[in-house]
Structures are given as structure tokens and as C-alpha cells.
Amino acid sequence: MSDFSLGAAFIDGDIVPVTEAKISILDWGFLHSDATYDVVHVWNGKFFRLEDHLDRFFAGMARLRMSIPYERESLRSILSQCVKASGLRDAYVEMITTRGVPSPGSRDPRTCENRFYAFAIPFVWITPPESKLNLVISQQQRIPAASVDPTIKNYHWLDLVMGQFEAYDKGAETAVVVDAQGNLMEGPGFNIFAVKGSSITTPASGVLEGITRKTAIEIAIDKGYEVRQSPLSPELARCADEVFATSTAGGVMPITTIDGKNVGEGSIGPITSEIQRAYWALHEDPMYSTAIDF
Ligand SMILES: Cc1ncc(COP(=O)(O)O)c(C=O)c1O
């Protein structure tokens, strides 16, 4: 019997145990990071903001001149099938389109047939909601947006991963990388926010426009806070009352130290908690969630 306990994948038109899903070593998704992807989560048996994730995924494919033989409705169905096969009520669901494999002997991307893959695995947390993150401001510079557009979700992660190693070396859990001026950009899989008084700042550009970022901005505005999408300097982050990260892999995550020094009191701040609570409450709202028919 097939073992779906570690998750389920869609590959070559079939749903298989995730441990059995294998791609060609010649796929440019693997050889050149020539791919786009998206991650949506399932919480309590419901997708959260699935349509926003699909919008971003289809927009990314169009910008990278990729196409797949599946319409939006088929994608919804494939993702649901992965979750159903896995039996997971809380899941991390990834969809990927790669450039594919060129004709033998060719390096012409036009000869590639783009490939679509998807999988559902147990929920992945950058950090669970009740915990706190220690952050390092890395000296690692984010790939400039003029080179690789960060609004197209991509696998150019070496800057982020090297930043993460820098954080571990310094006894922290994660890092945020910077732009050429030293402003904070984003971390491995998350956007960043700083709170000062009733004003909340998050970088406007040069980062992935996270769906969790969007949700946190909407909640903050709804609660009457001022949201500034503008450069986030290290000084602003260090003297903030609160700092938090946002990601599909964890939601709204409090950051309580930066480079070993407390942010504010060094505890989870009230505005972060308020946004975090509202974020998880939205998961029960049918406007934001899509129930899976298990
Ligand atoms: C580089 C980067 N920034 C930000 C995010 C957060 O985006 P989202 O809230 O859509 O998960 C991600 C998610 O993986 C990411 O890879």
C-alpha cells in the first residue's frame, strides 16, 4: 500500500506519495533555478486566501513566459487532491512550474516544455505562533530587483540561506537581508514589519508581496493603525516598539531581539498580538478560506 503519511504530490498527471515524486535531473528548474512557485496553507481543512495565491502564481508564470496545460479550476482541483490524498487538515501546499527540459543538445529555452508539480506536506512553521524569533540583520545583500524581480516568487535563495547561516553563527534563528543602502528587505520566507507608536512600517519594494503581508496590512488599517510602505532602516527597526515577520509558513511571528538586543521590552508586543489573533481568526471567515471536501 502507498504511504501518504509524509504528504502527497502531483507529478506527471498522477497523485503519488511525496517521497516517490521525482523530477528529471535535466529540468532547468533544478539546474538553473528557472522556476516559479507559490505556497498556500491549509488550516483546519481550509485553504487560506487560495485565490490570491493562484493570482500571484499565474502572474509569475506569465512574466517568466511559462505556460501549463491547466486552467485555474484544474489547479484548484489538483491542490485539493494532494491535500485529500495526504489526509492532512493542516498542510503546507506548494505549486511549482519549471522551465522543463530542452531538446537534446539544445540550450534554447523555447524548446522546453514547462512542467507543473504540486505537493501537500505537514504544516511547516518558521516558528510556531506562541514563540519569539531572534533576528540578525545580515550584511548579505538581497539580489537587486532589477536583476531578479522578487515579486515573482522564485528559488534564488542563496542570499537568504547564507543570511540564515549567519544568524545561526550568531546564536539567532533567522536573518533579514538588506538592500544596497543597508535597509531591511526580507528574510528566508518572510516579510518584515516594525511598529513605532501607532505607525507600522514595511518595505514597499524589492521584496515579495507576501499574501500574509497583505493580510497584516489590511488588518492593521482596519484596526486604525497607520501603515507606511517605505524603506525600513536598521535604526528604525532597532528603536521600534515591536517588530514582526509574516509568512504563509507561520503567519504573524513576533521578533523580540535584533542582533542580540531586545526590541522594546523584549516580549511579544500588543499590536503584534492583536494582528496575529485577527490573522488566525480570518481563517474561519468564508471570504478568506476555501473548505476542502475530504
Ligand atoms: C522571499 C520571501 N518573502 C516573503 C515571503 C512571505 O510570503 P507569503 O506571506 O505569501 O507566504 C516568502 C514566502 O515564502 C518568501 O519566500
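Residue positions are counted from 1 within each chain, in the order its sequence is given. At least 70 in pLDDT is required for a residue's local features to be given in this predicted model, at least 80 for side-chain atom pairs to be given and counted, and no such filter applies to totals for whole chains, interfaces and linings, which use all residues. No hydrogens and no water enter the side-chain calculation; it runs on all heavy atoms of the structure.

## Digging into the packing of helix α2 (residues 50–63) against helix α3 (residues 72–86)
Throughout, an axis means a line fitted to C-alpha atoms (over the contacting stretch in the case of helices), and angles, computed between N-to-C directions, take values from 0 to 180 degrees. Note on conventions: DSSP H or I runs of at least 4 residues are helices, E runs of at least 2 residues are strands, and numbering of each starts at the N terminus. Contact geometry of α2 with α3 gives a least axis separation of 11 Å together with a crossing angle of 120°. It follows from the interaxial angle that α2 and α3 lie oblique. Where α2 crosses over α3, the handedness of that crossing is right-handed. The segment α2 lies against α3, with Leu50, Glu51, Leu54, Asp55, Phe57 and Phe58 engaging Arg72, Leu75, Arg76 and Leu79. Under the grouping applied here, Gly and all other residues not named as nonpolar or charged are polar, the nonpolar ones being Ala, Val, Leu, Ile, Met, Phe, Trp, Tyr, Cys and Pro and the charged ones Asp, Glu, Lys and Arg. Across the contact of α2 with α3, the residue classes break down as six nonpolar, no polar and four charged. Orientation categories follow fixed angle ranges, with anything under 35 degrees roughly parallel, anything over 145 roughly antiparallel, 65 to 115 roughly perpendicular, and all other angles oblique. Here is the rule for handedness: rotate from the far helix to the near one, and if that takes an anticlockwise turn smaller than a right angle the crossing is left-handed, while a clockwise turn gives right-handed. Should any heavy atoms of two residues lie within 4.5 Å, those residues are counted as being in contact.

## A short note on the site of the ligand
Proximity criterion: a residue is near a molecule or strand once any of its heavy atoms comes within 4 Å of it. Close to the ligand lie 18 residues; Lys153, Glu186, Ile211, Thr212 and Thr248 are nearest. One of the side-chain N or O atoms of Lys153 is found 2.5 Å from an oxygen atom in the ligand. Protein burial of the ligand: of its 390 Å² of free accessible surface, 94% is covered by the chains. Elements that contribute at least two residues to the shell around the ligand include exactly β9 (184–187), β10 (190–196), α5 (211–222) and β13 (242–247). Any pair of N or O atoms that falls within 3.5 Å is considered a polar contact. Within protein, one atom must be able to donate a hydrogen and the other to accept it, and sequence-neighbouring residues count only if both atoms are side-chain atoms. Accessible surface area values rest on a Shrake-Rupley calculation with a 1.4 Å probe, where residue burial reflects the displayed protein chains alone.

## Quick look at a nonpolar patch on the surface
In this analysis, a patch consists of residues with relative accessible area above 30% that form no salt bridge, clustered at 9 Å for like charges and at 5 Å for the nonpolar side chains Val, Leu, Ile, Met, Phe, Trp and Tyr. Think of a salt bridge as a Lys or Arg side-chain nitrogen and an Asp or Glu carboxyl oxygen that are within 4 Å of each other. Taken together, the side chains of Ile23, Ile25, Leu26, Phe30 and Leu31 present a nonpolar region at the surface, about 510 Å² in accessible area. As for its placement among the helices and strands, Leu26 is situated in the loop between β2 (14–17) and α1 (28–31). Each residue gets one of three labels from its accessible area relative to the maximum for its type: buried under 20%, exposed over 50%, partly exposed in between, using a 1.4 Å probe on protein chains only. A relative accessible area of 48% places Leu26 in the partly exposed class.

## Some words on the nonpolar core
Membership of the largest hydrophobic core comes to 23 residues, with the highest contact counts inside it found for Phe47, Leu79, Val93, Met95 and Phe116. If you list the elements that add at least two residues to this core, you get β3 (35–43), α2, α3, β5 (91–98) and β6 (115–122). In terms of residue count, α3 provides more of this core than any other element does, five residues in total. Once you skip the residues sitting within four places of it in the chain, Val93 turns out to touch Asp38, Val39, Val40, Val42, Phe47, Leu79, Val83, Phe119 and Ala120. We define the nonpolar core as a collection of buried residues of types Ala, Val, Leu, Ile, Met, Phe, Trp, Tyr and Cys that are connected through side-chain atoms lying within 4.5 Å of one another. In terms of nonpolar packing, the next biggest core, distinct from the first, is built from 19 residues, Ile200, Tyr225, Val252 and Ile275 among them.

## Describing the domain arrangement of the protein
Boundaries between domains were set according to an automatic or database domain assignment. Each assigned domain of the protein is listed with its residue range as follows: domain 1 (8–122) and domain 2 (133–283). Taking the mean C-alpha position of each, domain 1 and domain 2 sit 26 Å from one another. Contact with domain 1, which involves 22 residues of that partner, is made by 21 residues of domain 2. Once two parts are joined, some of their accessible surface, as seen by a 1.4 Å probe, is lost; buried area is that loss totalled over both. Of the roughly 2000 Å² buried at the junction of domain 1 and domain 2 (both faces included), carbon and sulfur atoms supply 60%. Its largest share of buried area at the contact with domain 2, domain 1 owes to Tyr37, Phe48 and Arg56, together 34% of the area lost on that side. In this structure, the connection of domain 1 to domain 2 is made through three salt bridges.

## Concerning the pairing of β2
Only strands joined by at least two bridges in the DSSP assignment are considered to pair. The sheet contact formed by strand β1 (residues 8–11) and β2 spans four bridges and is antiparallel. In the strand pairing of β2, Phe10 is matched with Ile15. Connecting the antiparallel pair β1 and β2 is a turn made up of two residues, with Asp12 showing a positive phi of about 50°.

## Considering the sheet that holds β3
Spatially, β2-β1-β6-β5-β3-β4-β16 is the arrangement adopted by the seven strands of the open sheet, whose pairing is antiparallel. Edge positions in the sheet fall to β2 and β16 (289–291), since each has one partner strand and no second. Across the sheet, the mean angle from the axis of one strand to that of its neighbour is 25°, orientation sign disregarded. In the packing of α2 onto the sheet, contacts are made with β3, β4 (46–48), β5, β6 and β16, and the angle to β3 comes to roughly 175°.

## Description of the pairing of strand β7 (residues 133–141)
The pairing of β7 with strand β14 (residues 251–258) spans three bridges and is parallel. Looking across to β14, one finds that Leu133 is bridged to Ile255. Following the chain from β7 across helix α4 (residues 158–169) to the adjacent parallel strand β8 (residues 174–178), one finds a crossover that is right-handed. Handedness is read with the strands pointing away from the viewer; a crossover is right-handed when the path from the first strand over the helix to the second is clockwise.

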